[in-house]
Protein chains: 2
Amino acid sequence: MSNLKKLFNPGSIAVVGASQESGKVGNVIAKNLIELGYAGKVFFVNPKHDKIYDQRSYKSLGEIVEKIDLAIIVLPAKIVVPVVREAAGRVKNFVVISAGFSETDEEGREREKELEALAEEKELNILGPNCLGFIIPKLNLNASFAGGMPKAGNVSFVSQSGALAVAIMDIARKENIQFSNIISVGNKMRIDEAGILEYLAQDPDTKVIGMYLEGIKNGPEFIKMAQKVSKTKPIIIIKAGKTEKSQQAISSHTGALAGSDDIVEAVFKKAGILRAENLEDLFALIELISNTQAPKTNQVAVITNAGGPGVLTTDAFDGKEIELGDPDDGIKNRLREFLPAESSVANPIDLLGDAMEDRYAQALDVLDSMEGVGALVCVLTPQDQTPVGKIADSIIAFRNKTDKLVATVFIGGERVEKGITKLKEGGIPNFSFPDLAVRAIDEYYAWNRRRIADQSGVETAKQITVDAGRQKKVAAIIGKAREEKRGALSFPEAQKIMAMYGVKTPNVTDIAAGDSLPEGIGFPAVMKVDSDKVLHKTDKQGVILNIKNREELERAYARMEDNFPGEKFIIQPMLAIKTELIAGIKIDGIFGPIIVYGLGGIYTEVFKMVDFLVSPSSVQDVADSLAQGKIKFLFEKTRGQNPYDIKNIAEILFGLSLLAREADEIKELDINPLLVYNDGKEAVAVDVKIII
Amino acid sequence: MSNLKKLFNPGSIAVVGASQESGKVGNVIAKNLIELGYAGKVFFVNPKHDKIYDQRSYKSLGEIVEKIDLAIIVLPAKIVVPVVREAAGRVKNFVVISAGFSETDEEGREREKELEALAEEKELNILGPNCLGFIIPKLNLNASFAGGMPKAGNVSFVSQSGALAVAIMDIARKENIQFSNIISVGNKMRIDEAGILEYLAQDPDTKVIGMYLEGIKNGPEFIKMAQKVSKTKPIIIIKAGKTEKSQQAISSHTGALAGSDDIVEAVFKKAGILRAENLEDLFALIELISNTQAPKTNQVAVITNAGGPGVLTTDAFDGKEIELGDPDDGIKNRLREFLPAESSVANPIDLLGDAMEDRYAQALDVLDSMEGVGALVCVLTPQDQTPVGKIADSIIAFRNKTDKLVATVFIGGERVEKGITKLKEGGIPNFSFPDLAVRAIDEYYAWNRRRIADQSGVETAKQITVDAGRQKKVAAIIGKAREEKRGALSFPEAQKIMAMYGVKTPNVTDIAAGDSLPEGIGFPAVMKVDSDKVLHKTDKQGVILNIKNREELERAYARMEDNFPGEKFIIQPMLAIKTELIAGIKIDGIFGPIIVYGLGGIYTEVFKMVDFLVSPSSVQDVADSLAQGKIKFLFEKTRGQNPYDIKNIAEILFGLSLLAREADEIKELDINPLLVYNDGKEAVAVDVKIII
């Protein structure tokens, strides 16, 4: 990845396509660069003008003799490539504002390919095309066609939507959110999410990264980078396009269980990304993290001047990792010393409606010494006598002497407005309603806890080496099926592959149409059609269960031959069912192979007890996921029920992940059912479908 | 229920405990009554003053010769009862502001009982005690100790927290929410939620009712009234105290499955109440419903000036009843006539970032004629050139000529502020973010759909008559067990009761310790201890399954006699298991008997496929609930699986509801498992535990 430092910290900028004409994008950018205090040199290029904003307008980039760190291109799409090509010898950083590339039609897509090839060849950094530009408030640098200059601070915001970036800057002004970088990534041709994350990880001015994304360009690279960066800086992403239908046709049961948004969810979790459910969540998290240090413990103390909002705050803790701490008698007694008798000294501490600033200040001082508390939340409703501003002052004063997270929930309209402004200017995050505050603190706490707990991860994953011998054998099996123009492997073929990855399958007898039934088959048995043309066997009566004797077997065979003339069949022992799982590989268009697993049986879709593994690094890694995931109840002792063998199941799933890594010819893999036991018996993959 | 019309529309008011002293509650109320424009007569009573606000201060209520419609009592708790008693002959309506009643200690609870008895005897309406009072903006009547006068409108807000009411009025000022009534209910001694609902249903100025409740006083009455009122006026409740632990000890499995908040959820659903998850939801719904008519269809059209917010809006429709309509070619062509080529004419319609007010107006006009659309949402981000105010104007102008619901989502800070003020003053609900708008419209639509669909309900429920003969028989069985000081019925007793309510149980052989085993028992069989002292049989090895022959039975019996000396035992046939349900009766402290049912088996708690029935009116009513509830998948044809018999299960559950109605001696009832089949076999209650 190229170093983006120069792009985002240029000493000189040329605007190609700058304009004198008001309302034009090239005019807004020119104006933004010279009127907002940027200290570097700015050059304008436009052959149609002599002067722009009283500066010389060059006929071409070539005319400028000085060094150009960054060129901003605001030209019709058609001439972008030639202009960049001409400049590529001396300019290495570009922002291509121009639209008319891959976001439009075939012609645009071709144009973008050409630009990309050029960038590749000449090693150029190009932001965009089809973007708003970027803004670095610390440098007073607005290299975009959005007006104004946000306050300088520690928040980086990266947006796939320029319009949303503009709206967010407007909200940020009101909420006093301060930025280190605002970057519009446009079509993400050369500089994608992963590249931006890498840059922002190194940016000393950035503490927290917010992103609005509609898609992700390079899934595996994104996961790797996000996983790395989120260990030092929280990444909050609002991922739009949830309901987007997956493009790929899905022919396996496992595949159908994994929606594209489920996979995004799993990836974000794996990478330690905080997912904002909506814009409000995004703002809440950004404001909180920008202004505070993560709480060191999960205990929170809440003070309030009214019971109702206290109850609502208590409710908000339901299902969260953070919780209301229990003050001990020492703390309670110290609170009682100055609080009226009707106050509540249980947490939330109710200071009562007539609380003045002194009661808030005293209560905070006492709670600061409450053991195990990592965060303090001050709730306020504006009663007639409430000195909102003074209370804000005393909270700010307290914050300056504590190492705990301090946040406020001032509930109201005009009566609390000035107080809130004070708080925000004082660097205290305020939330309009209790649940917003509690949710944000909870996510921040959880991010920090994971960060501390998780010392392994990416590096380990890298160390997994491909078993070349095994890979070759798998390739041979798949190659043969392909030669025979089959879209799926036969069960005996799948069985061979499963054996190589440690997945047990039942013994089968395979017979082709016309063969006579061999002797020595045990009962009860199951007979199935084994054909790449019959993928949903059960639905098509291609499975006959519970065959009890030779006579029934012969009848079953006759029926099968009738129903599926010319196909192959298999006979398996009928196994005892204890619990059915389903497991498989799904190739996601963005993130590559994903291991899907969950509870099987006829109600799989009803229960949706399904989870995903994204490039697990070891059997232990899988086991950890199993122990925390949706089917974790199988591994716990439940009402006299023995736990299932987590290691056995983890080995199978890890085996599948190795297979996915070593055999990229596999389009989908479906084990259904995977019978698992809690009496020492090994799990068996009763049916294995491998689509190639 | 007394008529509250006079209380909330008094022609004259006396303030007992009015005060001249600034800062006192009696002073604030006096001031609010005379300074804010109330047209009725106001009398002050306080023996310590001669004049209050230049008006005569009476020594006592008795001194006032004029008619007093309402007396507001602001006295120390101790003298409230005597004062009310003295006035009760001539004053029928009271607001008791004073605290110091049941919210405090035993003394306070006694005091409240005394006041209640007095009110009962003299037929008094009393709001409170321990309340803020009430405000009727239309009358310029602020009979509370909160300052200011909200705008008059169609929203009634009822609050169990006075402080929250104050905060909400403050927010409402900013959001331009206008009120018909603001009522603080305090301890709800005489006037509870049901009483207030009954009054507001008749109040012609009230279109929508918002409530903040921490508890519900009279559950059954509340359900009945809410069910009735919500058919004409939407009721939105934020119910605080979710995490409140249920007080009652729970000894059955079914009981443990029904948390108090789950039951509130079920009750609200039954009563057609819109439950606000938080204060923000409450405001969103109130603002929407106050200003618009419910959408007539579930199709929505969205216009936006930016792609990103369009995608976020689309996401917000995920899982909702309302959906984005598909414009037909006619509509698309008409849109294309005036939109730039790069615009999107699919829904959401993207007018692009340079859209001026004309593009918004034209698009709205076209979409107004889009077939099947019931609501239009206008999304806007403030690009530099966006004329926010003018766009607001054109949306208001459009709203004035359409019969569709119109709402806006103007996303931003300062740049959209004035536009939003315009919208709100023009009666257009605006939401800060797309998901808030979509969620609120969805709830409003669903309320209206249910309202139209649901023409039966309360009245039918009333018609269920008690079967006195059956009731007597049940009482006799329970009476006998009580005489024997047993806390639970034996299985044969429970079986007799089940038979009366149409619930099939297996044939059992019951034997007491020391009896010899009878002949003729079929195998496989199950042996169980049957004792009111062993409620969790399985956990305590009180069940031996799968007894195959006489020899095993004898061994089982010997073991049972060892483990449970002196107890009784039963022997049942071992039945084939297809699907296990769990069903039972739980007596909720507030709402009375609730029927709980769901998926059984060892993972009952894991799957939480549990639902609740609140006083169902018929077998059909239960069947409807089953068909829409969590176990509805059992009644659908799933992957070749036959559906289960919904009528059979509905009859059993309805039977339980009749039993709960007829036998209030039952504390809990637990059928676990209830074996159900999809092959024509009748469901069997294998184990029935009745706690008395």
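Here, residues in each chain are numbered from 1, in the same order as that chain's written sequence. Chains carry letters from A onward and ligands carry numbers from 1 onward, assigned in written order. Given that this is a predicted model, residues contribute local features only at a pLDDT of at least 70 and side-chain atom pairs are listed and counted only at 80 or more, while totals for whole chains, interfaces and linings are drawn from all residues.

Asker: Help me understand the overall build of chain A, please; the structure alone is not making it clear to me.
Answerer: Think of it this way: any DSSP run of H or I at least four residues long counts as a helix, any run of E at least two long counts as a strand, and we number them from the N terminus. The number of helices and strands found in chain A is 23 helices and 29 strands. Once the C-alpha set of chain A is aligned to its principal axes, its extents read approximately 95 × 80 × 35 Å. Here chain A, with 692 residues, has 51% of them falling under the buried criterion. Throughout, a residue-residue contact means that the two C-beta atoms, derived from backbone geometry, are no farther apart than 7 Å. Long-range pairs, those at least 24 residues apart, make up 71% of the contacts in chain A with a sequence separation of at least 6. Think of it as a crowd count around each C-beta: if 20 or more other C-beta atoms lie within 10 Å the residue is buried, if 12 or fewer it is exposed, and in between it is partly exposed, with C-beta placed from the backbone throughout.

Asker: Would you mind showing me how to read the sheet that holds strand β2 (residues 41-45) of chain B here?
Answerer: The strands making up a sheet associate through backbone hydrogen bonding, with each pair oriented either parallel or antiparallel. Residues and elements named next belong to chain B. An order of β3-β4-β2-β1-β5-β6-β7 is seen for the seven strands of this open sheet, with the pairing classed as mixed. With partners counted over all chains shown, the strands left at the sheet margins are β3 (51-52) and β7 (125-127), one partner each. Alignment of strand β5 (residues 70-73) against strand β6 (residues 93-96), held across three bridges, turns out to be parallel. Within the sheet, the bridge partner assigned to Ala71 lies in β6 and is Phe94. Helix axes are fitted only over the stretch in contact, all axes being lines through C-alpha atoms; the angle between N-to-C directions runs from 0 to 180 degrees. Against the sheet, helix α3 (residues 77-87) engages β1 (12-16), β5 and β6, with an angle of about 170° to β5. At least two DSSP bridges between two strands are needed for those strands to be called paired.

Asker: Help me out: how do you make sense of the relation of the copies chain A and chain B in this one?
Answerer: Both copies of the chain are related by a screw-like operation: a rotation about an axis and a shift along it. Superposing copies: least-squares fit, C-alpha atoms only, residues required to have pLDDT of at least 70 in both. Mapping chain A onto chain B leaves a residual RMSD of 0.0 Å; the transformation is a rotation of 180° accompanied by 0.0 Å of translation along its axis. Considering both components of the superposition, the chain copies are consistent with a two-fold axis. The position closest to the rotation axis in chain A is occupied by the C-alpha of Phe607 of chain A, lying 3.6 Å away.

Asker: Teacher, can you tell me more about the interface of chain A and chain B here?
Answerer: By convention, interface size is frequently given as the accessible area that disappears when the constituent parts associate. Listed by partner, the interface residues are 54 residues for chain A and 54 residues for chain B. Broken down by secondary-structure element, the contributors of at least two residues to the side of chain A that touches chain B are α5 (162-175), α10 (279-291), α11 (307-316), α15 (414-425) and α21 (604-607) of chain A. A per-element tally of the side of chain A that touches chain B places α5 of chain A first, with eight residues.

Asker: How should the pairing of strand β8 (residues 133-136) of chain A be read in this particular structure?
Answerer: Side-chain positions along a regular strand alternate between the two faces of the sheet. All names here are of chain A. Residues Gly133 and Ile135 point to one face of β8 and Phe134 and Ile136 to the other, with burial holding for every one of them. Counting the residues between successive antiparallel strands, the hairpin from β8 to strand β9 (residues 141-144) contains four residues, one of them, Asn140, with a positive phi of roughly 50°. Inspection of the sheet shows β8 paired to strand β11 (residues 179-184) by two bridges, in the antiparallel sense. Bridge pairing links Ile135 to Ile182 in β11.

Asker: Any chance you could explain the packing of helix α6 (residues 193-202) of chain B against helix α7 (residues 219-229) of chain B here in plain terms?
Answerer: Packed helices, taken two at a time, are described by the angle their axes make and the gap between the axes. Residue and element names in this part refer to chain B. One can describe the packing of α6 onto α7 by two numbers: an axis separation of 8 Å at closest approach and a directional angle of 20°. Between α6 and α7, the interaxial angle falls into the category roughly parallel. For the pair α6 and α7, the sense of crossing is left-handed. On α7, the residues that touch Glu193, Ala194, Leu197, Glu198 and Ala201 of α6 are Glu221, Phe222, Met225, Ala226 and Val229. In these notes the angle categories are as follows: under 35 degrees is roughly parallel, over 145 is roughly antiparallel, 65 to 115 is roughly perpendicular, and the rest is oblique. Helix crossings are classified by the rotation of the near helix relative to the far one: an anticlockwise turn of less than a right angle makes the crossing left-handed, while a clockwise turn makes it right-handed.

Distances and angles like these do not, on their own, reveal function.
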